[in-house]
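Architecture and fold: a report
The lines below spell out each chain.
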Amino acid sequence: MSEILASVDQRTQLVGENRLELLMFKLGTRHTFAINVFKVKEVITVPRLNQMPGAHHNMRGVTNYRGTSIPIIDLRQAIKMPANKAPEQGENVIITEYNRSVQGFLIGEVMNIVNTSWSNIQPPPSSIGKQNYLTAITQIEVEGKTELVEIIDVEKVLAEIVEYDTQISEEVLDQEVTAHLVGKSILVVDDSATARWQVRDTLKQLGINIIEEKDGLKALKLLQKWADEGKTVTDEILMMFTDAEMPEMDGYRLTAEVRSDPRMSNLFIALNTSLSGSFNEAMVEKVGCNRFISKFQPDLLVDVVQQRMREILEQEKR
């Protein structure tokens, strides 16, 4: 199965071009699901699993992966589909890396990888409610037929298993700086409601107002609207946190669009993403982000905000 990802390193060049590749798979039903290939380290057959007493009910077990113990999560059960009572023929495990951690997701049949554009990825319809486990949907041509593909909100799945503490460490806070943050606004752009909640709950402790957008295109239109109305974007918001992967327009393209518009080109932008590694750091430099941080690190979020506030205070002194 590993040959399906044999050229994954070559595929990283798609990131930053508003393009992505999706690994499509089944969960024992007719529905087709997907996750971004860039998050996938490997696809393997179901390994030997060790049960962990007291583990979360969505955990199928723990296995040894390349010398490290990693959790295996029953993805079907995690997104509230009926759980499989016993392993079925065709089950596989997707080994992924999210938020600086490695884990496996138990799935069904692996289909194939498709190359598409973020402009073809749409948010799920609001009518399905807030309890869904999707960040986006798209349509893919499969054997001459148009098939709906549901992209799973892995960050929400993980947040229900791993408790993320949004408490800020006292030693991180610079009281002289935080006093100036009360009442300031920050734009947070992320397709995951869980990720937006994490940032919001962290920064509201500093008295910061959070403006949220679900994708890069909506965020860009908001910034352009302010500029068209004659407003100074940097007066409206202190800075912007943006995810890398989003429907309609990814965070790299969003940053590039902002930098190319003289009315907002000096906006402080931090890329806050579950992706990690030197590739992301290179992309940050290429498109002109001010900072890159991997999710979810509340103290680092605060550090970035304080850094921006210090810069403004220094400018006001001159």
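Just above sits the structure.
Now for a description of the structure that goes with this document. Keep in mind it's a predicted model, so treat the numbers as computed, not measured. (Residues numbered from 1 in each chain as written. Predicted model: local features only at pLDDT ≥ 70, side-chain atom pairs only at ≥ 80, totals over all residues. Heavy atoms only, no water.)

The next thing to look at is the overall build of the chain. Each helix and strand in the chain was counted, giving 10 helices and 15 strands. As displayed, the chain has an accessible area near 15,000 Å², and 46% of this comes from carbon and sulfur atoms. (Helix = DSSP H or I, 4+ residues; strand = E, 2+ residues; numbered from the N terminus. Areas by Shrake-Rupley, 256 points an atom, 1.4 Å probe, with all protein chains shown as cover.)

Spatially, 5 strands are ordered β8-β1-β2-β10-β9 in an open sheet, and the strand pairing comes out mixed. Strands at the two margins of the open sheet, each flanked by one partner only, are β8 (110–117) and β9 (134–142). Taking each pair of neighbouring strands and ignoring which way they run, the sheet shows an average axis angle of 35 degrees. (Pairing = 2+ DSSP bridges. Axes fitted to C-alpha atoms, helices over the stretch in contact; angles between N-to-C directions.)

Okay, the pairing of strand β12 (residues 209–213) next. One ladder, built from 5 bridges, connects strand β11 (residues 185–189) with β12; its direction is parallel. Pairing of Val189 across the sheet is with Glu213, part of β12. Remark: the β11/helix α5 (residues 193–203)/β12 crossover connection has right-handed handedness. (Right-handed = clockwise from strand over helix to strand, strands pointing away.)

The computed volume of the largest pocket comes to approximately 430 Å³. Considering the residues around the largest pocket, the lining is formed by 18 residues, among which Gly129, Asn132, Ala193, Arg196 and Lys214 are closest to the centre. Where the lining of the largest pocket is concerned, the elements lending two or more residues are β9 and α5. For the lining of the largest pocket, the element with the highest residue contribution is α5, accounting for 3 residues. Residues that form the lining of the largest pocket fall into these classes: 6 nonpolar, 6 polar and 6 charged. (1 Å grid on protein atoms, 1.4 Å probe; cavity = no way out; pocket = protein on both sides within 12 Å on 5 of 7 lines; lining within 4 Å. Points joined across faces, edges and corners; volume = space filled by probe spheres on them. Nonpolar A, V, L, I, M, F, W, Y, C, P; charged D, E, K, R; others polar.)

Right, let's talk about helix α6 (residues 216–228) for a bit. Taking 1.5 Å per residue as the helical rise, α6 with its 13 residues ought to reach 18 Å, and the 18 Å between its terminal C-alpha atoms agrees with that figure. Every buried residue of α6 is accounted for by Gly216, Ala219, Leu220, Leu222, Leu223, Trp226 and Ala227. Looking straight down α6, one finds that the buried residues subtend no more than 160 degrees of arc, so they occupy a single side. Exposed side of α6, more than 90 degrees from the buried face: Lys221 and Asp228 are the residues found there. Structurally, α6 contributes buried residues whose contacts are with β11, β12, α7 (233–236), β13 (239–242) and α8 (251–260). For α6, the side-chain oxygen to backbone nitrogen distance between the N-cap and Leu217 is 2.9 Å, and the N-cap itself is Asp215. The positive-phi residue at the C-terminal boundary of α6 is Gly230, with phi of around 85 degrees. (Expected span 1.5 Å × (residues − 1). Buried < 20%, exposed > 50% of the residue type's maximum accessible area, 1.4 Å probe, protein only. Arc of directions from axis to C-beta. Contact = heavy atoms within 4.5 Å. Polar contact = N/O pair within 3.5 Å; in protein donor to acceptor, adjacent residues only side chain to side chain.)

Burial within strand β4 (residues 59–65) is extensive, with 6 of its 7 residues counted as buried. Judged from the 6 bridges that link them, β4 and strand β5 (residues 68–74) form a sheet pairing that is antiparallel. Of the residues in β5, the one forming a bridge with Tyr65 is Thr68. Following β4, the chain reverses through 2 residues before pairing antiparallel with β5; Arg66 in that reversal takes a positive phi of roughly 50 degrees.

Over its 20 residues, helix α10 (residues 298–317) extends 29 Å from the first C-alpha to the last, a length consistent with the 28 Å expected when each residue adds 1.5 Å. Turning to α10, its buried residues are Pro298, Leu301, Val302, Val304, Val305, Gln306, Arg308, Met309, Ile312 and Leu313. Where the residues of α10 are buried, they touch α4 (175–178), β11, α5, β13, β14 (269–273) and β15 (291–294).

Summarising the element assignment, Glu160 is placed in the loop between α3 (154–159) and α4. Its relative accessible area of 34% is what places Glu160 among the partly exposed residues. Spatially, the C-alpha atoms of Glu160 and Ala78 are 8.6 Å apart, while their sequence positions differ by 82 residues.

This paragraph deals with the side chain of Asn272. One can find Asn272 in strand β14. Taking relative accessible area as the criterion, Asn272 reaches 5% and is therefore assigned buried. Ignoring any residue separated from it by four or fewer positions in sequence, one finds Asn272 in contact with Asp190, Val199, Phe241, Thr242, Asp243, Ile293, Ser294, Lys295 and Leu301.

By themselves, these observations are geometric and do not establish any function.
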